[in-house]
Amino acid sequence: MVKLSKRLRTIHDLVPKCVPADIGSDHGKLMIALVESGKIEKGYAIENKEGPYERLKNNLIQAGVIDVVVPLYSDGLEDLPEIVDTLIIAGMGGINIIGILKKNPRKLEHIQTIIIDAHSSVPTVRKEICRMGFTIADEKIINEGNIYYEIIKFIRGECALLSDEDIEYGPVLRQEKCAIFKEKYQNRISEIEKIISSGSIPEDRFDLLSKEKCRLKKNV
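Okay, so let's go over this structure. (Residues numbered from 1 in each chain as written. Predicted model: local features only at pLDDT ≥ 70, side-chain atom pairs only at ≥ 80, totals over all residues. Heavy atoms only, no water.)

### Here's the deal with the packing of aromatic side chains
For step 1, the next point in the chain: Scanning the model with the defined rule gives three aromatic pairs in all.
For step 2, the next point in the chain: Ring centres of F181 and Y185 lie 5.0 Å apart, and the angle between their planes is 65°; on these two criteria the pair is classed as edge-to-face. Of this pair, F181 and Y185 both sit in helix α8 (residues 179-197), separated by four residues, roughly a single helical turn. Each member of the pair, F181 as well as Y185, carries the same accessibility label: buried.
For step 3, the next point in the chain: One Lys or Arg, R7, reaches over the ring of Y149 and ends 5.6 Å from the middle of that ring. (Phe/Tyr/Trp six-rings, centres within 6.5 Å; stacked < 30°, edge-to-face > 60°. Helix = DSSP H or I, 4+ residues; strand = E, 2+ residues; numbered from the N terminus. Buried < 20%, exposed > 50% of the residue type's maximum accessible area, 1.4 Å probe, protein only. Lys NZ or Arg CZ within 6 Å of the ring centre and 35° of its normal.)

Structure below.
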């Protein structure tokens, strides 16, 4: 059985029974694990650079899943088969992820689930994917290697009106307020207080940090 990091295991557990495509599949471990756990019977692993693609293909062969997981040397959703109903996009910046989805909007017509692990611009990801006709079904937050990751599961459907706080902190995360969520933002509050107490920051930055601290205290 392939061993997954905490981040990839969290993504794995959010994947429904489906035909997924992992965009930017890298080493292919996630797709291999999805086959081994019986979650999928067919899937696609996509890479757009020759070196990573060859490594991906070799890993799928060695794991004995090459007949189940099809490697595609392609850019984003460009060659996405219509059979795919779930997208997994992990380990990229949020703006890059949104760019991939917006570049081929017709490819989203058959998509029912999108699972995102964005390493930046997470609020933008929430807002933009909801505008594409999806709603947030679940969210997880983990800490791995002293880095916080927010993993979001979108499903096809009309999105409820999101408040600014929902967009910034996540509607599910801020409702559940798990220990890791509190830890992340309490650390940020402490960081802000340290900066403010230094007394050597411009007034406009002081105002921004003070407002951020107020928002955090309200939501944590």
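And the narrative resumes.
### A word on the packing of helix α1 (residues 6-14) against helix α2 (residues 29-36)
For step 1, the next point in the chain: At a minimum axis distance of 10 Å, the contact between α1 and α2 shows a crossing angle of 45°. One way to sum up the angle between α1 and α2 is to call them oblique. Between α1 and α2 lies a crossing whose hand is right-handed. Taken together, the residues of α2 that come into contact with α1 (itself represented by L8, I11 and H12) are L30, A33 and L34.
For step 2, the next point in the chain: For the contact of α1 with α2, the class distribution of residues is five nonpolar, one polar and no charged. (Axes fitted to C-alpha atoms, helices over the stretch in contact; angles between N-to-C directions. Parallel < 35°, antiparallel > 145°, perpendicular 65-115°, else oblique. Left-handed = near helix turned anticlockwise from the far one by under 90°. Contact = heavy atoms within 4.5 Å. Nonpolar A, V, L, I, M, F, W, Y, C, P; charged D, E, K, R; others polar.)

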